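So you can see what is in the structure, the chains are spelled out below.
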Amino acid sequence: MANAVRIVHTADLHLGSPFGYFPERAEILRADQLRTFMNIIRLCLDMQSDLLLIAGDLFEQPHPPLSLVNEIRDLLASIPETRVFIAPGNHDPAEPDSLWQNTSWSKNVHVFTGGIESVDLPHLNTRVYGAAFQSTAAPEPLVRALLPVPHPDLINILLLHGEVITGNQGSAYNPISIQWLKTCGADYAALGHTHQGEPVQRLDGTGPWYAYSGCPSGRGFDELGQKGVLYGTLTQMEQTGAAVAANGSRFRILTKMAWHPVSGRQFLALPVNIGNCMDQEAIFQTILQTAQQNDSGWRDHLYKIILSGAVSDDLLPGSLFLLQRLQRELFFCKLVNRTTRAYDLRSLAKEQSLMGGFVRQILSDAEPDWDCLGVQQRQVLQIGLQAFEREVPYCEDD
Ligand SMILES: [Mn+2]
């Protein structure tokens, strides 16, 4: 009968983050992180996961508040049927006197605190390898040699925090060479460090499977949208005949992993064109409607609202009043003004001034009407006309 192990793979939770950019919301955002962790625990229960793999940066720092550590310890103890493995990362290294040394975890939890070691789980026919960051950087690979005797009859899982590199590329965060990964002997490498996450991939078609789960909740406007974890099953299938000879193994591993959303509140970039708005109220309503169309829990998210469109002088947004009104409706928002001024080309083209001359030059034989112009002509005119009045930044600050 096929042997299968159910796993949940996560990393980079950064529990206890300071959220310095959101001082008034920081405490709530930290509570959200905890809720996300609870969602992961709930997923383990619901799918009766055999393993919970945490590939580093569970905490933001190696000395988090004791109350937070105790909370996590109790949550992990609440899933005794799930074996939990933790490989500390560069943010929460297993340095002397860190939380990893000072916490007594429940029996189902194993923390890798040194160089490569393995734990056998005979009831699952599985072996889990892991190693820890022991300081905030690791310019040399944490694991240099091949895994110590990967067992051909077991499912071999590798849990590591680090950066997969190719060729001569280096990394200050445990460089994991793709070449090494191919031959290390693992069947599935559960990785952490890349917050963006990468789908489960297989090296060379026959090599190990590996994946970055990505962070399960965003912490800023560089981590947009819904975040989640990887979960699924690794199944060991007995091979026969020619297939055995191909890689010398009696078994092949089928990997069926999927992505599961676990974050509640999201960081979102919301482009809103206010070119048709005639007054401040219309701008306000357009922004809210756009947010509303996006998601049913729209009020709870954090927004970077990017305003665009050509607007007349007296309507230039970004006013404190607009921001204050929006802040009453949304959990958090900031405005990025990328609007352009609605210049009247027809009258400008008649002006005997430097601006008039510039407009005539760019229009050439074209009609003085924005709608008749090509994209490039429009851009040149917008930037040029703005430059007559104010400094035009190369790229607006986000
Ligand atoms: Mn991280």
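Residues numbered from 1 in each chain as written. Predicted model: local features only at pLDDT ≥ 70, side-chain atom pairs only at ≥ 80, totals over all residues. Heavy atoms only, no water.

J.: How would you sum up the overall build of the protein chain? Please name residues and give values.
T.: Within the protein chain, the secondary structure is distributed over 10 helices and 19 strands. In terms of overall size, the protein chain is more extended than a compact globule, its C-alpha atoms giving a radius of gyration of 27 Å where 398 residues would be expected to give roughly 21 Å. When the backbone C-alpha atoms are referred to their principal axes, the protein chain occupies close to 85 × 50 × 40 Å. Counting the 398 residues in the protein chain, one finds 48% classified as buried. Considering only contacts within the protein chain whose residues lie at least 6 apart along the sequence, 68% involve residues at least 24 apart. (Helix = DSSP H or I, 4+ residues; strand = E, 2+ residues; numbered from the N terminus. Rg over C-alpha atoms; globule rule 2.2 N^0.38 Å. Buried < 20%, exposed > 50% of the residue type's maximum accessible area, 1.4 Å probe, protein only. Contact = heavy atoms within 4.5 Å.)

J.: Any details on the sheet that holds strand 7 (residues 155-161)? Residues and values, ideally.
T.: The six strands lie next to each other as 5-6-7-10-12-11, forming an open sheet whose pairing is mixed. Among the strands making up the open sheet, the edge pair consists of strand 5 (117-121) and strand 11 (198-202). Across the sheet, the mean angle separating the axes of adjacent strands is 15 degrees when strand polarity is ignored. Bridge analysis of strand 6 (residues 126-130) against strand 7 gives five bridges, and the strand direction is parallel. Paired with arginine 127 across the two strands is asparagine 156, which belongs to strand 7. (Pairing = 2+ DSSP bridges. Axes fitted to C-alpha atoms, helices over the stretch in contact; angles between N-to-C directions.)

J.: Could you give an account of the domain arrangement of the protein chain, with specific residues and numbers?
T.: For the protein chain, the domain assignment lists domain 1 (3-261), domain 2 (266-342) and domain 3 (343-398). Domain 1 and domain 2 are separated by 39 Å when their C-alpha centres are compared. Tallying the contact residues gives 12 residues for domain 1 and 10 residues for domain 2. Roughly 990 Å² of surface becomes buried between domain 1 and domain 2 when both sides are summed, with 75% attributable to carbon and sulfur atoms. (Domains from an automatic or database assignment. Buried area = accessible area lost by both parts, 1.4 Å probe.)

J.: Outline the packing of helix 6 (residues 280-294) against helix 7 (residues 320-329), listing residues and values.
T.: Running from N to C, helix 6 and helix 7 point in directions that differ by 35 degrees, and their axes come no closer than 11 Å. Handedness of the helix 6/helix 7 crossing: right-handed. Residues Gln280, Glu281, Ile283, Phe284, Ile287 and Leu288 of helix 6 form the contact with helix 7, whose participating residues are Leu322, Arg325, Leu326 and Glu329. Of the residues belonging to the contact of helix 6 with helix 7, the class tally is six nonpolar, one polar and three charged. (Left-handed = near helix turned anticlockwise from the far one by under 90°. Nonpolar A, V, L, I, M, F, W, Y, C, P; charged D, E, K, R; others polar.)

J.: Tell me about the pattern of salt bridges, and name the residues and values.
T.: Side chains that differ in charge, positive against negative, can pair when their charged atoms come close. Applying the stated criterion to the full structure yields 11 salt bridges. Put simply, aspartate 120 and arginine 127 hold a salt bridge, and the shortest N to O gap is 2.5 Å. Since its relative accessible area comes to 40%, aspartate 120 is described here as partly exposed. Its salt-bridge partner being glutamate 140, residue arginine 144 comes within 2.5 Å of it at the nearest N-O pair. Judged by relative accessible area, which is 58%, arginine 144 ranks as exposed. Judged by its relative accessible area of 48%, glutamate 140 is partly exposed. Here the salt bridges share partners, and the residues they tie into one network are Asp32, Arg35 and Arg265. (Salt bridge = Lys/Arg side-chain N within 4 Å of Asp/Glu carboxyl O.)

J.: I'd like a rundown of the environment of serine 171, residues and numbers included.
T.: Relative to the helices and strands, serine 171 is located in the loop between strand 8 (163-165) and strand 9 (175-177). In this structure the C-alpha to C-alpha distance between serine 171 and alanine 137, which are 34 residues apart in sequence, comes to 9.3 Å. Aside from chain neighbours lying at most four places away, what touches serine 171 is Ala138, Pro139, Glu163 and Ile165. Here the side chain of serine 171 touches glutamate 163 through a polar contact of 2.5 Å, side chain to side chain. Among the polar contacts listed, one links the side chain of serine 171 to the backbone nitrogen of tyrosine 173, at a separation of 3.0 Å. (Polar contact = N/O pair within 3.5 Å; in protein donor to acceptor, adjacent residues only side chain to side chain.)

J.: Can you break down the coordination of the manganese ion residue by residue, with the values?
T.: Taken together, the protein ligands of the manganese ion are Asp12 (OD), His14 (NE2), Asp57 (OD) and His195 (NE2), with distances of 2.1 to 2.4 Å. Mapping the donors of the manganese ion onto the primary sequence gives the spacing D-x1-H-x42-D-x137-H. Here aspartate 57 lies in the loop between strand 2 (51-54) and helix 2 (66-77) and aspartate 12 lies in the loop between strand 1 (3-10) and helix 1 (26-46), a separation of 45 residues in the sequence. Across the pair, aspartate 57 and aspartate 12 agree in class, each one buried. (Donors = N, O, S within 2.8 Å, 3.2 Å for Na, K, Ca; no water.)

J.: Quick one: what's the story with the sheet that holds strand 16 (residues 302-308), residue by residue and with numbers?
T.: If you walk across this open sheet you meet the three strands as 15-16-18, and the pairing is parallel. This sheet does not close on itself; its edge strands, each paired only once, are strand 15 (267-273) and strand 18 (332-337). The mean angle between the axes of side-by-side strands here comes to 20 degrees, regardless of whether they run parallel or antiparallel. Docked against the sheet, helix 6 engages strand 15, strand 16 and strand 18, running at close to 130 degrees with respect to strand 15.

J.: Now, about the packing of aromatic side chains: what can you tell me, with residues and values included?
T.: Evaluation of the coordinates by the stated rule reveals nine aromatic pairs. With centroids separated by 6.0 Å and ring planes inclined at 25 degrees, the aromatic side chains of phenylalanine 85 and phenylalanine 112 adopt a geometry described as stacked. A residue pair is termed long-range when its members are at least 10 positions apart, and phenylalanine 85 in strand 3 (residues 83-86) and phenylalanine 112 in the loop between strand 4 (109-111) and strand 5 qualify at 27 residues. For the residue pair phenylalanine 85 and phenylalanine 112, the accessibility class agrees, reading buried in each case. Here arginine 25 stacks its cationic end above the ring of phenylalanine 331, 4.7 Å away from the centre of that ring. Between the NZ or CZ atom of arginine 265 and the centre of the ring of phenylalanine 331, over which it lies, the distance is 3.7 Å. (Phe/Tyr/Trp six-rings, centres within 6.5 Å; stacked < 30°, edge-to-face > 60°. Lys NZ or Arg CZ within 6 Å of the ring centre and 35° of its normal.)

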